[in-house]
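Summary of the model geometry
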Amino acid sequence: MATNSSGGKTYYKTGEPALVKGTYRLARHIDSTTCSPSEVERQIPLSAGETIPPCKSCKTGAYWSLEKFG
Ligand SMILES: [Zn+2]
């Protein structure tokens, strides 16, 4: 297994390009919200270079972490 830095996860923000292809998981919203997306809505497949989308449920900006490569 690859070694992860122990400094915590890297988060990708809505509007930024995805650096690697993989499945991304919604970590939290940028603004506080009562939105509570489903598990399906929390996970999105992205290709490298694709723009990180907003939350599928409420369409506002969010932070995403890379859940799985590929
Ligand atoms: Zn939302």
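Up top you'll find the structure we're talking about.
Residues numbered from 1 in each chain as written. Predicted model: local features only at pLDDT ≥ 70, side-chain atom pairs only at ≥ 80, totals over all residues.

The helix and strand inventory of the chain stands at one helix and four strands. Secondary structure elements of the chain, listed N to C terminal, follow the sequence β-β-α-β-β. Over its C-alpha trace the chain gives a radius of gyration of 12 Å, about what one expects of a compact globule, namely 11 Å for 70 residues. Judged by the C-alpha coordinates and their principal axes, the chain covers about 35 × 25 × 20 Å. Expressed as a percentage of its 70 residues, the buried residues of the chain come to 13%. Taking the contacts inside the chain whose residues are at least 6 apart along the sequence as the reference set, 72% of them involve residues at least 24 apart. (Helix = DSSP H or I, 4+ residues; strand = E, 2+ residues; numbered from the N terminus. Rg over C-alpha atoms; globule rule 2.2 N^0.38 Å. Buried ≥ 20, exposed ≤ 12 C-beta atoms within 10 Å, placed from the backbone. Contact = placed C-beta atoms within 7 Å.)

Bringing the sheet that holds strand 3 (residues 43-46) into the picture now. Overall, antiparallel pairing links the four strands, which are arranged 1-4-2-3 in an open sheet. Looking at the sheet topology across the chains shown, the edges are occupied by strand 1 (11-13) and strand 3. Pairwise comparison of adjacent strand axes, ignoring direction, gives a mean angle of 40° for this sheet. As paired elements, strand 1 and strand 4 (residues 62-69) share three bridges and run antiparallel to each other. (Pairing = 2+ DSSP bridges. Axes fitted to C-alpha atoms, helices over the stretch in contact; angles between N-to-C directions.)

Turning to the nonpolar core, a few remarks are in order. Core analysis: the largest hydrophobic core is formed by nine residues, namely Tyr 12, Ala 18, Tyr 24, Leu 26, Leu 46, Ile 52, Cys 55, Ala 62 and Trp 64. Ignoring any residue separated from it by four or fewer positions in sequence, one finds Tyr 12 in contact with Ala 18, Tyr 24, Ile 52, Tyr 63 and Trp 64. (Core = buried A, V, L, I, M, F, W, Y, C linked by C-beta atoms within 7 Å.)

These figures come from the coordinates and say nothing about function on their own.
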